[in-house]
Amino acid sequence: MLARFLKDEGVEYIYGYPGGAALHIYDALFRQDDVKHILVRHEQAATHMADGYARASGKPGVVLVTSGPGATNAVTGIATAYMDSIPMVVLCGQVASHLIGEDAFQETDIVGVTRPIVKHSFSIRHPSDIPTVLKKAFYIASSGRPGPVVVDIPKDMTAPTERYEYVYPRKVKLRSYNPVSRGHTGQIRKAVELIMSARRPVIFAGGGVITGRASEALTALAHRLNIPVITSLMGLGAFPQNDPQSLGWPGMHGSYESNMAMHNSDLVLGVGVRFDDRVTNNVTRFCPDARIVHIDVDPSSISKTVHADVPIVGAADNVLNEMLNQIGQRTEAQEPLDEWWETINAWREERRGKLYEPAAAGEPLKPQQVVEAVHRVTHGDAYVVTDVGQHQMFAAQYYKFNQPNRWISSSGLGTMGFGLPAAMGIKLNYPDEHVVLFTGEGSFQMMMQELSTCKQFGIPVKIVNLNNASLGMVRQWQDLNYKSRHAHSYMESLPDFEKLIEAYGFKAITVRTPEELEPALEEAFRSKDELVFLDIHVDPREHVYPMQVPQGAMCDMLLSKTERT
Amino acid sequence: MRHIISMLLENEPGALSRVIGLFSQRNFNIETLNVAPTEDPTMSRLTVTTNGDERIIEQITKHLNRLIDVIKLVDLTEGAHIERELMLVKVKAQGSARDEVKRTADIFRAQIVDVTPSIYTVQITGDANKMDAFLQAVTPLGVLEVARTGVSGIARGDKVLSI
């Protein structure tokens, strides 16, 4: 019944790991060919694979794990998806109903464990409920503000000896769950008034624009009004970065011009963003002159950290199109923005060419120049996946995204180890595309067992290991805040990555100098069908800049080791 | 400020723990909590009293509304409402105190619902202030045990919380 449902729901791949309580389900999967199961080497990887696929496709990823340790291993991946509002359905085996509560072998109350990190969860209480409950799970996971849904399935619910009539439920209704789509027309009118009369407006677009497939509407609105566009880290690609109106992304390590522009703006139009602490810096000093218009599908995101002057609850696409519509009907002209653009362009000029110093011949490579080189060799249209740390920030700063769904990174939870399995989930579903993982030797070692999964299922991702032999971001904070006392931020006894990768039968290339970089990248990206691991040794002393000063406003930044605003 | 938030909840296992979990997870506080099925057995009515400024109460109601199991909710303190609590108190009742407990109960329109040679069990209903006042009055006489239901409430007039 479960396998038939997955097929009818259009699920092509599920990611998982078998175990006692899930064996009836695995047996059913074995006896059909429509839904393909990818066997990972650790359940956390299954959730990240599903997550990567969901971020790239917008459709829910599906995970299948067994009870107890199988389910608890999935917890980090569920939390990762929850923080970034990623649609995911996690099917967990559970001990048989009559054993629940008796501390049976491999029993965990996974619904209880995951309660704060799921959008919703279900326990199956009768086998005949399976299709309806699963339909609800898929519907909840992928509608409104998406998120992970856990379905707990006691073993006796899938007993093959029992037979029930199966009907695929085309639609489900939940009386207590009706996500809004249309925004309030009156509120939209108020917002349009403010936007048209603003002298220094900015658009601040987030992941909600990507999830809500509103990039087109956003781009149209921005072009129509000539307003500068800043995207959050989650929103990278929501607005093309090669567009002159794009200022990049703001926050802790955001671009100088985006932080300056947002801080000095008189109006922020937030779309599908949550104004989190990595963007606002000290929230009491956030955008002192700005009125805030905030569009979000989730009312609880509005006025959570930053008070919204005009809150609009609704789907981004719908609200932005209604704005365009109302703007088209207006007769009053918009305030001219020439002066504002002059100021912004001056900020841009101030930092041009000063971002970092590329390595001279024979010197250790700078991580930034590696990212720029990968951008060149992939023509800027690869799926770019990252782990967490300095390499993640460098990738976000120096790879330029012109399309949505191409930047795949654990932004909210910051999960090291996310990258490799997420990249695999994407490559599996988009075999004709380049999928690049930027990682570091710290993050990579958290999930490197998945190379074995790559081997079994032939998943040829490209892995760019920015190897600085230290936990770079931790080290950077220790340099800045702890007088360079590097407590446990360095990785002694690193493996010989070449040998390690070769042990799995893949190609590895080690790069140590600037001269070796381009040829190695050319070789690695020549084909889309070969897994290549690039172990690129980079300067361990490099810091990520700009960097906001703790407790300051958005415009308070360190710009390099010696400069600050 | 103190708020009374009352909601209709799916009568499902785990629904209550989602509501309570939300409060601890988001660092909101619960002063009292009261929950029981309604005339429709598929729904429970849950009432919490909580404290917080406007911003916090707004966040609480928004996050509660986001829970799939919460069908509808109302902040009763926003309008005219009736608020009731029921309390059972065991008070020492020996010698001259025996009459004093009885007199105090009468003043508060409370009832004595169980009697032993040395103890009166008093039942009292009303709002939280009345409960507190009664407790204050009988504390010098010797309070042995207190059981309070927590606040339940309903809006005055035509307003109805239903689906």
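Bear in mind the structure is a predicted one, so any value in this text is a computation, not a measurement. (Residues numbered from 1 in each chain as written. Chains lettered and ligands numbered in written order. Predicted model: local features only at pLDDT ≥ 70, side-chain atom pairs only at ≥ 80, totals over all residues.)

## Points about the sheet that holds strand E12 (residues 383-386) of chain A
Residue and element names in this part refer to chain A. Applied cut-off: Should DSSP find at least two bridges between two strands, the strands are regarded as paired. The helix and strand labels rest on DSSP assignments: H or I over at least four residues marks a helix, E over at least two residues marks a strand, and numbering proceeds from the N terminus. By definition, residues are in contact whenever their C-beta atoms, placed on the basis of the backbone, come within 7 Å of each other. To get an axis, a line is fitted to the C-alpha atoms, and for a helix only the part in contact is used. The angle between two axes follows their N-to-C directions and goes from 0 to 180 degrees.
Sheet architecture is open: 6 strands sit in the order E13-E12-E14-E15-E17-E16, paired in parallel fashion. Bordering the open sheet on either side are strand E13 (407-408) and strand E16 (507-511), each of which pairs with just one other strand. As paired elements, strand E15 (residues 462-467) and strand E17 (residues 532-537) share 6 bridges and run parallel to each other. Across the sheet, residue Leu-466 finds its bridge partner in E17, namely Ile-536. Across the sheet, helix H17 (residues 419-429) lies against E12, E13 and strand E14 (435-439), angled at about 175° from E14, the strand it touches most. The strands touched by helix H22 (residues 514-524) within the sheet are E15, E16 and E17, with E16 carrying the most contacts at an inclination of about 165°.

## Side note on the UniProt feature "domain: Thiamine pyrophosphate enzyme central" (unreviewed entry) in chain A
Using the following cut-off: UniProt positions are given in the numbering used here, feature names are shortened, and annotations may be inferred rather than shown by experiment.
Per the UniProt record, "domain: Thiamine pyrophosphate enzyme central" (unreviewed entry) is found at residues 188-322 of chain A. Secondary structure across residues 188-322 of chain A divides into 34% helix and 17% strand, with the first and last C-alpha atoms of the span separated by 8 Å.

## Describing the interface of chain B and chain A
In this complex, chain B contributes 16 residues to the contact, which on the side of chain A involves 14 residues. If you list the elements that add at least two residues to the side of chain B that touches chain A, you get helix H1 (15-25), helix H2 (54-66) and strand E4 (70-75) of chain B. Counting residues per element, the side of chain B that touches chain A draws most heavily on H2 of chain B, at 5 residues.

## Details of the packing of helix H10 (residues 215-225) of chain A against helix H13 (residues 316-329) of chain A
Residues and elements named next belong to chain A. Our working definition: Each angle gets one of four labels, with under 35 degrees taken as roughly parallel, over 145 as roughly antiparallel, 65 to 115 as roughly perpendicular, and the rest as oblique. In a left-handed crossing the near helix is turned counterclockwise from the far helix by less than a right angle, and in a right-handed crossing that turn is clockwise. Gly counts as polar in this scheme, as do all residues outside two lists: the nonpolar Ala, Val, Leu, Ile, Met, Phe, Trp, Tyr, Cys and Pro, and the charged Asp, Glu, Lys and Arg.
Axis separation between H10 and H13 bottoms out at 9 Å; the angle between their running directions is 30°. Here H10 lies roughly parallel to H13, going by the angle between them. Viewed along their axes, H10 and H13 form a crossing whose handedness is left-handed. Where H10 approaches H13, its residues Ala-217, Leu-218, Ala-220, Leu-221 and Arg-224 are matched on the opposing element by Asp-317, Leu-320, Asn-321, Met-323, Leu-324 and Ile-327. For the contact of H10 with H13, the residue count by class is 8 nonpolar, 1 polar and 2 charged.

## As for the pairing of E17 of chain A
All names here are of chain A. Rules: Residues with at least 20 neighbouring C-beta atoms inside 10 Å of their own are called buried, those with 12 or fewer are called exposed, and the rest are partly exposed, where every C-beta is derived from the backbone. Call a crossover right-handed when, viewed with both strands pointing away from you, the route from the first strand across the helix to the second goes clockwise.
With 5 of 6 residues buried, E17 lies mostly within the body of the structure. Across 5 bridges, the pairing between E16 and E17 is parallel. Paired with Lys-507 across the strands is Val-532, a residue of E17. With respect to chirality, the unit in which E16 leads through H22 into the neighbouring parallel E17 is right-handed.

## Let's talk about the confidence of the model for chain B
Applicable threshold: Scored between 0 and 100, pLDDT is the confidence that the predictor attaches to each residue.
When pLDDT is averaged along chain B, the result is 95; 100% of the residues meet or exceed 70. The lowest-confidence element of chain B is H2 of chain B, averaging 94 in pLDDT; the highest-confidence one is strand E8 (residues 143-148) of chain B, averaging 98.

## Some remarks on H22 of chain A
All names here are of chain A. As a reminder, the rule being used: The directions considered for the arc are those from the helix axis to the C-beta atoms.
Where H22 is concerned, the buried positions are Leu-517, Ala-520, Leu-521 and Ala-524. Angularly, the buried residues of H22 cover 100° about the axis, an arc narrow enough to put them on a single face. Opposite its buried face, H22 presents the exposed residues Glu-515, Pro-519 and Glu-522, each directed more than 90 degrees away. For H22, the elements touching its buried residues are helix H15 (367-377), E15, E16 and E17.

## Structural notes on the UniProt feature "domain: ACT" (unreviewed entry) in chain B
Using the residue numbers shown here, the UniProt feature "domain: ACT" (unreviewed entry) corresponds to residues 4-78 of chain B. Annotated as residues 4-78 of chain B, this span is 32% helix and 37% strand, and its ends, taken at the C-alpha atoms, are 9 Å apart.

## Brief notes about the UniProt feature "domain: Thiamine pyrophosphate enzyme TPP-binding" (unreviewed entry) in chain A
When the UniProt feature table is mapped onto this chain numbering, "domain: Thiamine pyrophosphate enzyme TPP-binding" (unreviewed entry) sits at residues 387-536 of chain A. Structurally, residues 387-536 of chain A is divided into 41% helix and 15% strand, and its ends, taken at the C-alpha atoms, are 15 Å apart.

## What to know about the sheet that holds strand E6 (residues 148-154) of chain A
Adjacent strands of a sheet form backbone hydrogen bonds with each other and so pair up, either parallel or antiparallel. Residue and element names in this part refer to chain A. One open sheet accounts for 6 strands, arranged E2-E1-E3-E4-E6-E5; its pairing is parallel. A strand with exactly one partner marks an edge of an open sheet, and here the two such strands are strand E2 (36-39) and strand E5 (120-123). Across the sheet, the mean angle separating the axes of adjacent strands is 20° when strand polarity is ignored. Pairing geometry for strand E1 (residues 13-16) and strand E3 (residues 61-65), over 2 bridges, is parallel. Each residue of the ladder has a partner; that of Tyr-15, found in E3, is Val-63. Contacting E1, E2, E3 and strand E4 (88-94), helix H3 (residues 43-57) crosses the sheet at an angle of about 170° to E3.

## What to know about the domain arrangement of chain A
Quite often, the size of an interface is put as the accessible area lost when its parts meet. All names here are of chain A. The condition that has to hold: Segment limits for the domains were obtained from an automatic or database-derived domain assignment.
Domain parsing of chain A yields domain 1 (2-158), domain 2 (185-351) and domain 3 (367-544). Domain 2 and domain 3 are separated by 31 Å when their C-alpha centres are compared. Contacts between domain 2 and domain 3 engage 12 residues on the former and 13 residues on the latter.

## Here we look at the packing of H3 of chain A against H17 of chain A
Packed helix pairs are characterised by how far apart their axes lie and by the angle those axes make with each other. Residues and elements named next belong to chain A. Two elements in contact, H3 and H17, have axes whose closest approach is 7 Å; the angle formed by their N-to-C orientations is 55°. With respect to each other, H3 and H17 are oriented oblique. For the pair H3 and H17, the crossing hand works out as right-handed. On H17, the residues touching Ala-45, His-48, Met-49, Ala-50, Asp-51, Gly-52, Tyr-53, Ala-56 and Ser-57 of H3 are Pro-421, Ala-422, Ala-423, Met-424, Gly-425, Ile-426 and Asn-429.

## Some points on the domain arrangement of chain B
Residue and element names in this part refer to chain B. Looking at chain B, the domain boundaries give domain 1 (2-79) and domain 2 (82-152). Each of domain 1 and domain 2 was reduced to a C-alpha centroid, and the two centroids are 29 Å apart. Counting residues per element, the side of domain 1 that touches domain 2 draws most heavily on strand E2 (residues 32-37), which supplies 3 residues.

## Quick notes on the nonpolar core
Cut-off, in case you're wondering: By convention in this section, buried Ala, Val, Leu, Ile, Met, Phe, Trp, Tyr and Cys residues joined through C-beta atoms within 7 Å make up a nonpolar core.
By size, the foremost hydrophobic cluster in this structure holds 198 residues, and its most contacted members are Val-63, Val-151 and Leu-218 of chain A. Not counting the four nearest positions on each side in its chain, Val-151 of chain A is found in contact with Val-89, Leu-91, Cys-92, Phe-122, Ile-124, Val-133, Leu-134 and Ala-137 of chain A. The next biggest cluster of nonpolar side chains, apart from the first, holds 13 residues, and it includes Tyr-120, Val-122, Met-131 and Val-138 of chain B.

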